[in-house]
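# Structural overview
Chain residues, written in single-letter form:
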Amino acid sequence: GRLIAPVEYHLSIPTQTHFLVNPSGNFKADYREYAAGFILILPENAKNVTLGGTYTLQFADKRKKEIRIERKYKNTKHRGKTYHSFWVKITPQK
């Protein structure tokens, strides 16, 4: 329960093609469990994030989802600020 970094994020639900190319073995109709996308973190906060780490992402409406940091992308500009971008996936709920 502690804040590691404020983030800008974009998560999306994969298309049906994703499931043909990347079969999961336990396909469910609940696409929300397969959401993935980018998060953007300011450089001074990015040092608090580890690749492969699992974190809780809190949405604007206060819902929370567990995410796993899959890999780091390039630095990018967003709204006039430089951010580190990371590819994340929602971790399946057990």
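Residues numbered from 1 in each chain as written. Predicted model: local features only at pLDDT ≥ 70, side-chain atom pairs only at ≥ 80, totals over all residues. Heavy atoms only, no water.

## Quick notes on the overall build of the protein
Definition in use: Labels follow the DSSP assignment, with helices taken as runs of H or I lasting at least four residues and strands as runs of E lasting at least two, numbered in each case from the N terminus. With a 1.4 Å probe rolled over the protein chains alone, any residue whose accessible area is under 20% of its type maximum counts as buried; one over 50% counts as exposed, and the rest are partly exposed. When checking whether two residues touch, look at their non-hydrogen atoms; a contact exists if any pair is within 4.5 Å. Here the Shrake-Rupley method, with its probe set to 1.4 Å, supplies the accessible areas, and only the displayed protein chains count as covering residues.
Counting its secondary structure elements, the protein contains two helices and five strands. Secondary structure elements of the protein occur, N-terminal to C-terminal, as β-α-β-α-β-β-β. Relative to its full complement of 94 residues, the protein shows a buried share of 31%. Restricting to contacts in the protein with at least 6 residues of sequence separation, those with at least 24 account for 53%. Accessible surface, the protein as shown: approximately 6800 Å² in total, 53% of it carbon and sulfur.

## Comments concerning the packing of aromatic side chains
Operational definition: Any two of the Phe, Tyr and Trp rings considered here, Trp counted by its six-membered ring, make a pair once their centres fall within 6.5 Å; the pair's planes then place it as stacked at under 30 degrees, edge-to-face at over 60, or tilted in between.
All told, the structure shown has two aromatic pairs when counted by the stated rule. A ring pair is formed by phenylalanine 38 and tyrosine 73, whose centres lie 4.9 Å apart and whose planes are at 85°; its orientation type is edge-to-face. Taken together, the positions of phenylalanine 38 in strand S2 (residues 36-41) and tyrosine 73 in strand S4 (residues 64-78) put the pair 35 residues apart, joining distant regions of the chain. The exposure class assigned to phenylalanine 38 is partly exposed, which follows from its relative accessible area of 30%. Of the residues examined, tyrosine 73 reaches a relative accessible area of 31% and is grouped as partly exposed. On the basis of an interplanar angle of 75° and a centroid distance of 5.0 Å, the ring pair of phenylalanine 38 and tryptophan 87 is categorised as edge-to-face. Here phenylalanine 38, found in strand S2, pairs with tryptophan 87, found in strand S5 (residues 81-90); they are 49 residues apart in sequence, far enough to count as distant. Site record: aromatic cluster; members linked through ring pairs are Phe38, Tyr73 and Trp87.

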